[in-house]
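Coordinate inspection notes
Here is what each chain is made of, one letter per residue.
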Amino acid sequence: MVYLSKRRRFVFDSFCGFDCSDYVNCLIGRTRRVTFADRFSIKCSLQTKVLLLLFLSLSSSTATLSAAIYKRLLISYSMKFTCLSKGRGFHFPPCHMLNFCGIRILLDCPLDLSALLAFSPIPTSLDCLSVVESFNTEANDFDSRVGFGKRQKIEKLLHAKSLLFGEPWYKTVNNLHLWNSSFIDVVLISSPMGIMGLPFLTRIKGFSAKIYVTEASARLGQLMMEDLISMHVEFRHFYGPEESNFPSWLRQEELETLPSELREIILGKDGLELGGWMPLYSAADVKDCMLKIHTLNYAEEACYNGTLVIKAFSSGMEIGSCNWILNSPKGDIAYVSGSSFISAHAMPFDYCSLQGTCALIYSDFFSLGDSHDSADGDNYSVSAADKLQPMSSQDLAGFIHNSDENSEEKEKLDFICSNTINYIQKGGSVLIPIDRLGTVLLLLEEMTTSLEASDLKVPVYIISSMAEELLALLNIIPEWLCKQRQEKLFAGEQLFAHVNLLKEKKIHVVPAIHSHELLINWQEPCIVFCPHWSMRMGPVVHLLRQWCGNPNSLLILEDVLNLELALLPFQPVAMKVLQCLFPSGIGLQTVQPLLKLLRPKTVLCPEELRLQINLSSEKSFSVLYYTEAETLKVPYRKHSSEIKIATDLASHFYWKTFIKEEINITKLKGELLMENARHHLLLENDNENSSCNKSLEHLGLPDSEKLMAALSKMGISGNIQHGMSDDAKSQTAFTIHIHDPYKASIEIGTTGTIITTADENVASSIYKIIDNILKAV
Amino acid sequence: MAIETLVLGAGQEVGKSCVLVTINGKRIMFDCGMHMGFLDHRRYPDFTLVDPNKDFNSAITCIIITHFHLDHVGALAYFTEVCGYSGPIYMTYPTKALAPLMLEDYRKVMVDRRGEEELFSSNQITECMKKVTAVDLRQTVQVDEDLQIRAYYAGHVIGAAMFYAKVGDAEMVYTGDYNMTPDRHLGAAQIDRLRLDLLITESTYATTIRDSRYAREREFLKAVHKCVSCGGKVLIPTFALGRAQELCILLEDYWERMNLKVPIYFSAGLTIQANAYYKMLISWTSQKIKDTYSKHNAFDFKNVQKFERSMIDAPGPCVLFATPGMISGGFSLEVFKHWAVSENNLVTLPGYCVAGTIGHKLMSDKRGKVDLDANTRIDVRCQVHQLAFSPHTDSKGIMDLVNFLAPKHVILVHGEKHKMASLKEKIHSEFGIQCYDPANNETICIPSTHYVNAETSDTFIRSCLSPNFTFQKCSSVDIYNSTTLDKNLMPMLQVEDERVSEGVLVVEKGKKAKIVHQDELLLMLEEQKHH
């Protein structure tokens, strides 16, 4: 999606039904098969985990737990990055797999809820009958065709009745299923949206990864998942228990009869995504999942295995959403997820903390135009003329504090509010199925003030199973909010206006549309905030049915990828539709100055960005481009890592000097400890074996002259016999025959020395002499 | 390399906590408190010792405040606004929210009630708080390139934190006040296992070991219940923050369980306002209270009502929370005058009252005549109950923390002199850790850790990782193995996995020290191995 400032406008349109025939889409022929061999090689590099102790040199003693670390047997020489899914918009963030220092890290585990559009919302009783009828006629059609013996593929037109009629399944990241989940070591969740698919993973037997989430994301994510389940229950009540584990629409022959648009939703563009579909997890799965996560605060250090230090920094996208810094002895990586310089209520984008990393994974897909290429391509794609001149780094600071953006935001809100007032005055109601928390809160506060200003007494309802808890939660998390909200805490005021609005009964929060409280208070016209943005489930379905025929009522949507499809089950729609794009993401203009500011050594960018920004001229960092389902290998810059040696140990070192005193060498003895992504070499605790110097390594050849001199000094005389140079096989350099005071021979070879004598004492004294002459370590 | 600790306050005493620590060139001031027992210059730490030229901005890298009690934050506004310090100040979110309340309350007491000249104005408190950076628990804050600080949950009052500081390789922790056992509304102190050179810990209860607080709480509730069931009135003089909320949660809970209908009152103003803060800061309380936020915020007291002055002499039983604590004046004193004369009534007092307050006099002789001032004397007939629980850790808790962190040195502050001396002895004898208990304005110098940086080759690290299983039964397998351990104590077969590697440290002229594997060394020196 492109959120250029030019294009930040509203799609304000009235839909009075549309002709489906205009909307025939061709099957997209482009297929890109993923090489499975490639994938397999990654999988093969898995190793067993062994609990092990690290000691150096002549260390001993049994295990002290502090020294115990887990470690892969192999240390890889490069970091491997695989983009599993580019995601789509705000509610479906990207998903990647990263192999760093031999640790496999899954970045986010989202759910593609836009795929719900393929399903029919719960029909009213009348609808139901007609659907069943149409099914029958279709079946007859099919039979007759078979009867003719012509299995023609007839492109079907999209129609409300062609939507899948059955309990929905949910579309997970298909590529994730190609990985063995039990080999994932770490899962990092960057936003509340990124947690939605996690229960599918955590319920798999053998899954043992550590999951890190910011505390706010975890709480919001849990609420969202529970809400999803409670909305789904409605389907289950309607359709009853499932007859089989395999719904009919998943069968190949059924899929072939579907209109291309639905087929694309189900199978993906490449037709490979069928494996991603899953029936929804249960409440117990969510509970279990929440027990397995480790929550973090911003800038809290979490250490995985002593090897990886993980830190989350605010991304400004949503309350609790974050970017990550991974620190290891091999260097550090920054992961920039969807981030926003304009944070509605969330703590602002903390980009300063992401500075100066070895590698930066840029994964903000909001700044890219591609997520829209399937729908309304013309409206959103970027033309060459739109390729904006990048700003300089200096401008960045200015841009970030630019009030233009905020004033534009304000204008937008004012526009929405004035429209709302207009329609209310016309006697219609306003339905707002928006699930972006930041937007909802902004609208809620703006709308109630403008209602008051225009002296309108209409009720505002929030209908959602999670609303009550969510609103209560928002008022107790000042640490996750922007400065303005935090100031309210310090002033002793409520963080959000809704607390007082609730008290004053200006807004009503009810868990469901059939709540008793709602039924007795219900009053039209009214303003309703409710889930779900897909318009396939939740209270919105019922209210939309109620109001869609009324041209005086207004539907306010966040940007839905395929508006026609979204409204399909409710046709004909006389209701006015206001679709508003709220900015999210870093923004194309800012990408380059931001990267310059962050000064990474290498940047990993989505391939799509290559077309839009020319980063090749950038000298301060190198750029690598990634595409979905392809593994990118990034070699580490260093082939060595830092180690810290305790001074008390260092003072015990026994140094030897080599080669004209240019090199000093010492043998190490101590305990190697891996802690907080750093190697430490510490003094051993036990004092035993301290005199074990026997394993000295001797280097080079003893000099024959020196040896003879030393021998004669000790009163030993002999003569040298130089090696037979003609005998190539012989390793002997020279031999010394000793005849006085006793008989012995010293055979000196290129790789060893053999002392032959009858007397042990003699042998040891000769050994000492040679030992002195040789360079030993 | 050394860590230098200058104790400006709370050295061998309780009050005006202020410790100045110099680590590797960085100077951190931990706490900036005032002494409640003095009214002259002794009430503030002697800041001239920080820098004789009073150029505090270059003398101090940052100030860290552990919690909002006046003996930890009381001198802050004075130090920033009057002495002119304008560098960074760090405290947790609740401390930043609640500290100005405490300072303002104190200022009012000073000026309005005692008629003293004010040391700082309201405006100065606001200005001072603007300089404060709020931090979250466990958030690693990079104060500057070298100094890193981090807050850990201390459980003493809401937002109380222990602070960890690291400069270079030297690491230390300043605990502030902490509690190792959870209470009604706060959790227990939590900290990571760190490699510390220095631990500076409070030692209020250096020699006391307390039994279960639940028994003490029951005692309190029983006393209150007995009083109200006889139609008496209960006066609970408290300060606005902390204890009031804790006791109120306790009473609310008890009221629910016993289905009592007797009203609980809060004296107006501050305490009600303080509850609003507590409601927003509920995530800093104990897990049990945190979990209830969605259904009912535990600080949304159901049975609590506002108290009006006219209700003092109204008949019928009630419970009243009134400020200030220790009955040092104000509204609690006014109510006390009315209620103390009846045997039916009850006054609860905290475990510690500053000398000179009515609370202190009541504690010394529970019944009898108490002189309010030169002209007034009250015949105290009401019952007096002393609360026996305190949000400070006991001696066992201190020992547990020291044992857990195993620092190289310990400095004791915030305690009584003779008790600290015995705790010091205990820490030294039990753990063999060097321990100090400096008096005010004394400096302690301890050595700090320093690491030598080197590079290490991948080959070496990898060689360290190759498994090396040894079976103790046949110890000859591994020549490097320790066989000196007493065999009789070992099981028949002991499997060990000691990763042994041959490492050599090479320092080449003009290059960084590097650790290589033995085999690599030969390549490096271009020589062959010789046996």
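Residues numbered from 1 in each chain as written. Chains lettered and ligands numbered in written order. Predicted model: local features only at pLDDT ≥ 70, side-chain atom pairs only at ≥ 80, totals over all residues.

1. Points about the overall build of chain A
Per the secondary structure count, chain A includes 22 helices and 37 strands. Within chain A, the proportion of its 777 residues that are buried is 43%. (Helix = DSSP H or I, 4+ residues; strand = E, 2+ residues; numbered from the N terminus. Buried ≥ 20, exposed ≤ 12 C-beta atoms within 10 Å, placed from the backbone.)

2. Side note on the overall build of chain B
When helices and strands are tallied, chain B shows 15 helices and 28 strands. When each of the 531 residues of chain B is scored for burial, the buried share is 49%. For chain B, long-range pairs separated by at least 24 residues make up 71% of all intrachain contacts whose partners lie at least 6 apart in sequence. (Contact = placed C-beta atoms within 7 Å.)

3. Here's the deal with the nonpolar core
Residues Ile556(A), Val19(B), Phe163(B), Met172(B), Val319(B) and Leu320(B) are the most contacted members of the largest nonpolar core, which totals 319 residues. For this core, the element with the most residues is helix H4 (residues 215-239) of chain A, which contributes eight residues. In this view, Met172(B) contacts Ile3(B), Val21(B), Ile23(B), Ala165(B), Leu196(B), Asp197(B), Leu198(B) and Leu199(B); residues no more than four positions away in its chain are not counted. Ile643(A), Ala646(A), Cys464(B) and Val504(B) belong to the second-largest nonpolar core, a separate cluster that totals 20 residues. (Core = buried A, V, L, I, M, F, W, Y, C linked by C-beta atoms within 7 Å.)

4. Brief notes about the packing of H4(A) against helix H7 (residues 283-292) of chain A
Residues and elements named next belong to chain A. Relative to each other, H4 and H7 sit at 170°, their axes nearing to 10 Å. Between H4 and H7, the angle falls in the class roughly antiparallel. On the side of H4, the interface is formed by Ala218, Gln222, Met225, Glu226 and Ile229, while H7 contributes Ala283, Val286 and Met290. Across the contact of H4 with H7, the residue classes tally to six nonpolar, one polar and one charged. (Axes fitted to C-alpha atoms, helices over the stretch in contact; angles between N-to-C directions. Parallel < 35°, antiparallel > 145°, perpendicular 65-115°, else oblique. Nonpolar A, V, L, I, M, F, W, Y, C, P; charged D, E, K, R; others polar.)

5. Focus: the environment of Leu70(B)
Residue and element names in this part refer to chain B. The residue Leu70 is located in helix H2 (residues 70-73) in this model. Leu70 gets classed as buried once you count the C-beta atoms within 10 Å, which come to 20. Residues Leu70 and Cys32, 38 residues apart in the sequence, show an inter-C-alpha distance of 8.9 Å. In contact with Leu70, other than residues within four places in its own chain, are Gly33, Met34, Met36, Met102 and Tyr106.

6. Points about the packing of helix H21 (residues 704-713) of chain A against helix H22 (residues 760-773) of chain A
All names here are of chain A. Relative orientation of the contacting elements H21 and H22 amounts to 135°, with a least axis distance of 10 Å. Accordingly, the angle class assigned to the pair H21 and H22 is oblique. The chirality of how H21 crosses H22 is right-handed. Contacts between H21 and H22 involve Lys706, Leu707, Ala710 and Leu711 from the first element and Ile769, Ile770, Asn772 and Ile773 from the second. (Left-handed = near helix turned anticlockwise from the far one by under 90°.)

7. Here's the deal with H7(A)
Residues and elements named next belong to chain A. Taken as a whole, H7 has its buried residues at Val286, Cys289 and Met290. On an axial view of H7, the arc spanned by its buried residues comes to 100°, and they lie on one face. Of the residues in H7, the exposed ones pointing more than 90 degrees away from the buried face are Ala284 and Leu291. Buried positions along H7 lie against helix H3 (198-202), H4 and strand S12 (293-296). (Arc of directions from axis to C-beta.)

8. Focus: the UniProt feature "domain: Beta-Casp" (unreviewed entry) in chain A
Under the present numbering, the feature "domain: Beta-Casp" (unreviewed entry) in UniProt falls on residues 440-561 of chain A. Overall, residues 440-561 of chain A shows 42% helix and 13% strand. The separation of its end C-alpha atoms is 19 Å. (UniProt positions renumbered as here; feature names shortened; annotations may be inferred.)

9. Describing the environment of Ile293(A)
Residue position: Ile293(A) is located in strand S12. When the C-alpha atoms of Ile293(A) and Thr602(A) are compared, they prove to be 31 Å apart, with 309 residues separating the residues in sequence.

10. A closer look at helix H6 (residues 260-267) of chain A
Residue and element names in this part refer to chain A. Of all the residues in H6, the buried ones are Glu261, Leu262, Ile265 and Ile266. Axial view of H6: buried residues confined to an arc of 130°, hence all on one face. Where the residues of H6 are buried, they touch helix H5 (252-256) and helix H17 (563-567).

11. Brief notes about unusual backbone geometry
Omega for the peptide link from Glu524(A) to Pro525(A) comes to 0°, which places this bond in the cis form. You can see Pro525(A) is positioned in the loop between helix H15 (516-521) and strand S21 (527-529). Backbone geometry at Gln12(B) places phi at a positive 55°, although glycine is not the residue there. Positionally, Gln12(B) belongs in the loop between strand S1 (2-9) and strand S2 (18-23). For Gln12(B), a count of 21 C-beta atoms within 10 Å puts it in the buried group. Of note, the phi angle at His414(B) is positive, near 55°, even though the residue is not glycine. Here His414(B) lies in strand S20 (residues 409-415).

12. Quick word on the sheet that holds strand S4 (residues 78-85) of chain A
Residues and elements named next belong to chain A. Across the sheet, seven strands lie side by side as S12-S10-S9-S6-S5-S4-S26; this open sheet has mixed pairing. Both outer strands of the open sheet, S12 and strand S26 (631-635), are each paired with one neighbouring strand and no more. Taking the axes of each pair of neighbouring strands and ignoring which way they run, one obtains an average angle of 20° across the sheet. Inspection of the sheet shows S4 paired to strand S5 (residues 95-100) by five bridges, in the antiparallel sense. Along S5, the bridge assignment pairs Cys83 with His96. (Pairing = 2+ DSSP bridges.)

13. Regarding the sheet that holds S2(B)
All names here are of chain B. Here seven strands make up an open sheet; going across it, the order is S6-S5-S4-S3-S2-S1-S22 and the pairing mixed. Edge positions in the open sheet fall to strand S6 (132-135) and strand S22 (442-447), since each of these has one partner strand only. When the angles between neighbouring strand axes are averaged without regard to direction, this sheet yields 25°. Both S1 and S2 contribute to a ladder of six bridges, which runs antiparallel. Residue pairing across strands places Glu4 opposite Thr22, the latter belonging to S2.

14. Focus: the pairing of strand S3 (residues 26-30) of chain B
All names here are of chain B. In terms of burial, S3 is a largely internal element, four of the five residues being buried. Sheet analysis places S2 next to S3, joined by five bridges and oriented antiparallel. Residue pairing for S3: Leu20 is matched across the bridge by Met29. With antiparallel pairing between neighbouring strands as the criterion, S2 and S3 make up a hairpin whose turn holds two residues, including Asn24 at a positive phi of roughly 40°. Where S3 meets strand S4 (residues 62-64), three bridges bridge the pair, whose relative direction is parallel. Bridging across to S4, Met29 finds its partner in Ile63.

15. Quick look at the environment of Val213(A)
Residues and elements named next belong to chain A. With respect to the secondary-structure elements, Val213 resides in strand S10 (residues 210-214). Residue Val213 is classed as buried on the basis of its 28 C-beta neighbours within 10 Å. Along the chain, Val213 and Thr666 lie 453 residues apart, while their C-alpha atoms are 45 Å from each other. With residues up to four places along the chain from it excluded, the contact list for Val213 reads Ile189, Ile195, Ala218, Ile293 and Thr295.

16. Re the confidence of the model for chain B
All names here are of chain B. In this model, chain B carries a mean pLDDT of 84, and residues with pLDDT of at least 70 account for 87%. When mean pLDDT is compared element by element in chain B, S4 scores highest at 97, while strand S28 (residues 529-530) scores lowest at 50. Here residues 474-490 is modelled with pLDDT under 50, and outside its nearest four sequence neighbours on either side it reaches 17 contacts, counting other chains as well. (pLDDT = per-residue confidence, 0-100.)

17. Describing the confidence of the model for chain A
Residue and element names in this part refer to chain A. Per-residue pLDDT for chain A averages 76, and the proportion of residues at 70 or more is 74%. When the elements of chain A are averaged for pLDDT, strand S2 (residues 50-54) gives the smallest value, 28, and strand S9 (residues 186-189) the largest, 97. In this model residues 128-153 is a low-confidence stretch, pLDDT under 50, and it forms eight contacts with partners more than four residues away in sequence or in other chains. Contacts of residues 686-695 to residues separated by more than four positions or lying in other chains number nine contacts, the stretch itself having pLDDT below 50.

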